[in-house]
Amino acid sequence: MRRLVIACLLVAACAAPAATPGTVPDDTALTVPAGAQEAVVVRHTDGDTLWLRGIGVGPLPGRSTKVRVLEIDTPEVFGTPGCYGTQASARTAQLVPLGAHVRVEADRDARDRYGRLLLYVWTASGASLEEVLLREGYARTLLVRPNDSHIDAFRAVEAAARKAKRGLWSACPAT
């Protein structure tokens, strides 16, 4: 019986995400598109909202702009905090720290109903921020039409995280 328990623990450990705090996985499938604009991380609001300053030509101006990361939703940290919101916010801050250079790309609609610029974000190492947060269980997919360029791939990543009970999928009973 003891050997069975140890074997189960080893299998679970091997199936867990390999992310170490502060590191960025480099095995995301969604690569930085040619022509994606460079930007600097100016401020973090929560797990799916950042303030970025654009460099060069692209959707971001050269001043600090509030950006909502496309196709994901992380639990809230303000108002009524959601389960795993603090962890999701902290993970985003690790993946794209203040001063980091990231790449961004727009989809069809430029802004949401709150006036935030809607963008896909890639870390300095070229990993899709959305894909990493979904894979590690810090986010859920969120479709805000017509911005749906990567929703099928992101839903598959989310389903794998849910099945493996990563992050919020094990920590939050109502999830």
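What you are looking at is a predicted structure, and each value in this text was computed from that prediction instead of being measured.

Visitor: With reference to specific residues and values, describe the packing of aromatic side chains.
Guide: Taken as a whole and assessed by the stated rule, the structure comprises one aromatic pair. Positioned above the aromatic ring of Trp 169 is the side chain of Arg 140, whose terminal nitrogen or guanidinium carbon lies 5.8 Å from the ring centre. The ring centre of Trp 169 lies 4.7 Å from the NZ or CZ of Arg 162, which sits over that ring.

Visitor: Describe the state of the cysteines, naming the residues involved and giving the relevant values.
Guide: Taken as a whole, this structure holds one disulfide when the rule is applied. Shown here is the disulfide that connects Cys 83 with Cys 172, its sulfur atoms set 2.1 Å apart. Between Cys 83 and Cys 172, the S-S torsion sits near -90°, and that sign places the bridge as left-handed. In this pair, Cys 83 is assigned in the loop between β4 (72-73) and α2 (85-95) and Cys 172 in the segment after α5 (168-171), connecting sequence segments 89 residues apart. Given a relative accessible area of 38%, Cys 83 falls into the partly exposed group. The buried category is assigned to Cys 172, whose relative accessible area is 5%.

Visitor: How would you sum up the sheet that holds strand β2 (residues 49-55)? Please name residues and give values.
Guide: On the basis of which strands lie adjacent, the closed barrel formed by five strands has the order β1-β2-β3-β6-β5 and mixed pairing. On average, each strand axis in the sheet is inclined to that of its neighbour by 55°, with strand direction left out of account. In this sheet, strand β3 (residues 64-69) lies alongside β2 in antiparallel orientation, the contact comprising five bridges. Across the sheet, Thr 49 pairs through a bridge with Arg 68, a residue of β3. Each of β1 (37-46) and β2 touches α2; the most contacted strand, β1, lies at about 150° to it.

Visitor: I'd like a rundown of α2, residues and numbers included.
Guide: All of the buried residues along α2 are Gly 85, Ala 88, Ser 89, Arg 91, Thr 92 and Leu 95. The buried residues of α2 occupy one face: seen down the axis, they fall within an arc of 160°. Contact partners of the buried residues in α2: β1, β2 and α3 (129-135).

Visitor: Tell me what's going on with unusual backbone geometry, and back it up with residues and numbers.
Guide: Residues other than glycine predominantly adopt negative phi, and peptide bonds predominantly adopt the trans conformation. Note the cis peptide between Arg 145 and Pro 146, where omega equals 5°. Secondary-structure assignment places Pro 146 in the loop between β7 (140-141) and α4 (151-163). The phi torsion at Glu 71 lies on the positive side, around 65°, for a residue other than glycine. The topology assignment puts Glu 71 in the loop between β3 and β4.

Visitor: Summarise the pattern of salt bridges; cite the residues concerned and give the values.
Guide: Where charged atoms from two side chains of opposite charge approach closely, those side chains can pair. What the rule picks out here adds up to seven salt bridges. With a shortest N-O distance of 2.7 Å, Glu 136 and Arg 91 are connected by a salt bridge. Separated by 45 residues along the polypeptide, Glu 136 in the loop between α3 and β7 and Arg 91 in helix α2 bring together distant segments of the chain. Residue class for Glu 136 comes out buried when judged on its relative accessible area of 5%. Taking relative accessible area as the criterion, Arg 91 reaches 3% and is therefore assigned buried. One network of salt bridges, in which partners are shared, links Asp 48, Arg 68 and Asp 73.

Visitor: Provide a residue-level description of the pairing of strand β5 (residues 101-111), including the pertinent values.
Guide: Relative to β5, β1 runs antiparallel, the two sharing four bridges. Paired with Ala 39 across the bridge in β5 is Val 102. As judged from the five bridges shared by β5 and strand β6 (residues 117-122), these two strands associate in the antiparallel manner. Residue pairing across strands places Arg 103 opposite Trp 122, the latter belonging to β6.

Conventions adopted
- Residues numbered from 1 in each chain as written.
- Predicted model: local features only at pLDDT ≥ 70, side-chain atom pairs only at ≥ 80, totals over all residues.
- Heavy atoms only, no water.
- Phe/Tyr/Trp six-rings, centres within 6.5 Å; stacked < 30°, edge-to-face > 60°.
- Lys NZ or Arg CZ within 6 Å of the ring centre and 35° of its normal.
- Disulfide = S-S within 2.5 Å.
- Helix = DSSP H or I, 4+ residues; strand = E, 2+ residues; numbered from the N terminus.
- Buried < 20%, exposed > 50% of the residue type's maximum accessible area, 1.4 Å probe, protein only.
- Pairing = 2+ DSSP bridges.
- Axes fitted to C-alpha atoms, helices over the stretch in contact; angles between N-to-C directions.
- Contact = heavy atoms within 4.5 Å.
- Arc of directions from axis to C-beta.
- Salt bridge = Lys/Arg side-chain N within 4 Å of Asp/Glu carboxyl O.

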